Amino acid sequence: MTTNPLAAALDAAADGPPRRYVITGGPSSGKDDLIERIHAAGIPCMQEEPGREIYRKHRERLGRHLRREDRREYSLEVLEAFIAEYTAHTSGIRFYNRGIPDGYGWEGFFGLKPTTRLEEATQRHRYDAIFVLDPLDTFEDPDDIVWAKDREIRRVHELIVQGYYDAGYEPVFVAPDSAAARLDFICANLRLPKPSRGV
């Protein structure tokens, strides 16, 4: 019987201390495809970033896209969802679809200063590694159309990256490639067996 090397590594880590890895980047970075690939490989991971569903809820209530004046309430709700996701994970390896410090980038894009709650959460809830996906040339979600100008996509990306640096992280940058190749790169960086080895 052949053992999948990645599955064996995940099992070995399952009862150990929590290891939290963030996948992030600006709009149109291929994050959804990579998250789908992570799930397909059997690696514990958030399904969808909380911000999207919360954004849809606020948009339906307001009957329009969120404006600058709507961002505070929205951002605090997203932050609480990220904190809940973080604290619920108590052992083993887990990937996160964006992380708490993403809030710095989004607040900055809308010209807002970070809240005290965001700053406190960033210091209290620390991740083990941050992987930033470099932007692709395609839109992956209808809500991305809000940022459908090249300069806006680049600006959001840069602000998210700066937010992680400001929070004391050294992000690892993941070049544009197929989701499978990107996941192999990430696993190799974490000294985990590449998922392609088990295929």
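Scroll up for the structure.
Here's a quick rundown of the structure. Keep in mind that this is a model prediction, so the values were computed, not measured. (Residues numbered from 1 in each chain as written. Predicted model: local features only at pLDDT ≥ 70, side-chain atom pairs only at ≥ 80, totals over all residues. Heavy atoms only, no water.)

**Some points on the sheet that holds strand E3 (residues 129-133)**
Either a parallel or an antiparallel arrangement is found when strands of a sheet pair, and the pairing is made through backbone hydrogen bonds.
Moving on, step 1. The strand order across the open sheet built from four strands is E2-E1-E3-E4, with neighbouring strands paired in parallel fashion. Each of the sheet's edge strands pairs with one partner strand only, and the pair in question is strand E2 (93-97) and strand E4 (172-174). Strand-to-strand twist across the sheet, computed as the mean angle between neighbouring axes with direction ignored, equals 25°.
Moving on, step 2. Against the sheet, helix H8 (residues 179-189) engages strand E1 (19-24), E2, E3 and E4, with an angle of about 160° to E4. (Pairing = 2+ DSSP bridges. Helix = DSSP H or I, 4+ residues; strand = E, 2+ residues; numbered from the N terminus. Axes fitted to C-alpha atoms, helices over the stretch in contact; angles between N-to-C directions. Contact = heavy atoms within 4.5 Å.)

**Some words on the pattern of salt bridges**
Moving on, step 1. Applying the stated criterion to the full structure yields seven salt bridges.
Moving on, step 2. With a shortest N-O distance of 2.8 Å, Arg-117 and Glu-80 are connected by a salt bridge. Remark: Glu-80 occurs in helix H4 (residues 71-88) and Arg-117 occurs in helix H6 (residues 116-124); sequence separation between them is 37 residues.
Moving on, step 3. Overall, the relative accessible area of 28% leaves Arg-117 in the partly exposed class.
Moving on, step 4. Residue class for Glu-80 comes out partly exposed when judged on its relative accessible area of 35%. (Salt bridge = Lys/Arg side-chain N within 4 Å of Asp/Glu carboxyl O. Buried < 20%, exposed > 50% of the residue type's maximum accessible area, 1.4 Å probe, protein only.)

**Digging into the pairing of E3**
Moving on, step 1. Extensive coverage of E3 is indicated by the burial of five of its five residues.
Moving on, step 2. Side chains Ala-129, Phe-131 and Leu-133 project from E3 onto one buried face, and the interleaved Ile-130 and Val-132 project onto a second face that is buried too.
Moving on, step 3. Across four bridges, E1 lies against E3 in parallel orientation. Considered in E3, the bridge of Val-22 is made with Ile-130.

**Here we look at the packing of aromatic side chains**
The geometry of two aromatic rings is summed up by the distance between their centres and the angle between their planes.
Moving on, step 1. Inspection of the entire model under this criterion finds five aromatic pairs.
Moving on, step 2. Their ring planes at 55° and their centres at 5.5 Å tell us that Tyr-21 and Phe-95 sit as a pair that is tilted. Here Tyr-21, found in strand E1, pairs with Phe-95, found in strand E2; they are 74 residues apart in sequence, far enough to count as distant.
Moving on, step 3. Look at Tyr-86 and Tyr-127: their rings are 5.4 Å apart centre to centre, the planes differ by 80°, and that puts the pair in the edge-to-face class. Taken together, the residues Tyr-86 in helix H4 and Tyr-127 in the loop between H6 and E3 connect sequence positions 41 residues apart.
Moving on, step 4. Ring-pair connections join several aromatic residues into one group, and the members of that group are Tyr-86, Tyr-96 and Tyr-127.
Moving on, step 5. Its end group placed over the ring of Tyr-86, Arg-20 keeps NZ or CZ at 3.7 Å from the ring centre.
Moving on, step 6. Here the guanidinium or amino end of Arg-126 rests over the ring plane of Tyr-169, the centre of that ring lying 4.1 Å away. (Phe/Tyr/Trp six-rings, centres within 6.5 Å; stacked < 30°, edge-to-face > 60°. Lys NZ or Arg CZ within 6 Å of the ring centre and 35° of its normal.)

**Considering the side chain of Arg-182**
Moving on, step 1. Secondary-structure assignment places Arg-182 in helix H8.
Moving on, step 2. Buried charge without a partner: Arg-182 forms no salt bridge, and the closest opposite charge is Asp-134, 6.1 Å away. (Lys, Arg positive; Asp, Glu negative; His and termini not counted.)

**Observations regarding the pairing of E1**
Moving on, step 1. In terms of burial, E1 is a largely internal element, five of the six residues being buried.
Moving on, step 2. Sheet topology note: the E1/E2 ladder contains five bridges and is parallel. Looking at E2, one finds that Ile-23 is bridged to Asn-97.

**Description of the packing of helix H2 (residues 31-40) against H8**
Moving on, step 1. Between H2 and H8, the shortest axis-to-axis distance is 9 Å and the interhelical angle comes to 65°. Classed by the angle they form, the pair H2 and H8 counts as roughly perpendicular. Handedness of the H2/H8 crossing: right-handed. Contacts between H2 and H8 involve Asp-33, Leu-34, Arg-37 and Ile-38 on the former and, on the latter, Ala-179, Ala-180, Arg-182, Leu-183 and Ile-186.
Moving on, step 2. Residues belonging to the contact of H2 with H8 are distributed by class as follows: six nonpolar, no polar and three charged. (Parallel < 35°, antiparallel > 145°, perpendicular 65-115°, else oblique. Left-handed = near helix turned anticlockwise from the far one by under 90°. Nonpolar A, V, L, I, M, F, W, Y, C, P; charged D, E, K, R; others polar.)

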